[in-house]
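# Structure at a glance
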Amino acid sequence: MKKILIIATSLLVILSGNPANACSCIPTTPRRSYQQARSVFAGRVTDIVVRRRSLDGQSNSESEADRLFTEVKVTLEVSKVWKGRVTRQSVIMTANSSASCGYTFEKGREYLIYASGQPSELTTGLCSGTKPLSNARADLAVLGQGSAPNPESSSIERLQPNQGI
């Protein structure tokens, strides 16, 4: 009888669990991605650092694992800018998991980045419109030429008048 109770309880727990939620994005267009982004730029990934961060600002001990999340700090050598405060060397943050809508970058590869957040900590993800530059032909047709990034670390906000936007 005790075994049956344990098995029944186990099945109840297993079957009543909530399914994991994967990232779900509303389809977007280059125009909409541009309008929703704080910064839009192209660049080559020069460094990727995965780091754990505590949500409550306390230490990152294993006993506090439920308060931690993992984020990815991506450094890029920027080649073109269409919108926002972007310098030649820029950093963008993303979640480490695609289930959390994080974008997976590859070192050495070029990307078109649609970023949000504050200029001091830009973020991107799967739903932003960010993509490898080699897959961004339609976006580039809408965005136009772009401009060179500001070489200084304290660039000014610039919103480019663009073709079709």
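All of the points below concern the structure found in this document. All values derive from a computational prediction rather than experimental measurement.

## As for the nonpolar core
Core analysis: the biggest nonpolar cluster contains 15 residues, and Phe-41, Val-74, Leu-76, Ile-92, Phe-105 and Ile-113 have the highest contact counts within it. Only strand E1 (39-54), strand E2 (68-83) and strand E4 (110-118) provide two or more residues apiece to this core. The biggest single contributor to this core is E2, with 5 residues. Dropping the residues within four chain positions of it, Phe-105 is found in contact with Val-45, Ile-48, Val-74, Thr-94, Tyr-111, Ile-113, Thr-124 and Thr-130. With 9 residues, the next largest nonpolar core counts Ala-37, Val-40, Trp-82 and Tyr-114 among its residues.

## Here's the deal with the packing of aromatic side chains
Taken as a whole, this structure holds 3 aromatic pairs when the rule is applied. Here Tyr-103 and Tyr-111 contribute two aromatic rings whose centre-to-centre distance is 5.8 Å and whose plane-to-plane angle is 90°, an arrangement assigned as edge-to-face. Each member of the pair, Tyr-103 as well as Tyr-111, carries the same accessibility label: buried. Linked through ring pairs, Tyr-103, Phe-105 and Tyr-111 together constitute an aromatic cluster.

The rules behind the values
Residues numbered from 1 in each chain as written. Predicted model: local features only at pLDDT ≥ 70, side-chain atom pairs only at ≥ 80, totals over all residues. Heavy atoms only, no water. Core = buried A, V, L, I, M, F, W, Y, C linked by side-chain atoms within 4.5 Å. Buried < 20%, exposed > 50% of the residue type's maximum accessible area, 1.4 Å probe, protein only. Helix = DSSP H or I, 4+ residues; strand = E, 2+ residues; numbered from the N terminus. Contact = heavy atoms within 4.5 Å. Phe/Tyr/Trp six-rings, centres within 6.5 Å; stacked < 30°, edge-to-face > 60°.

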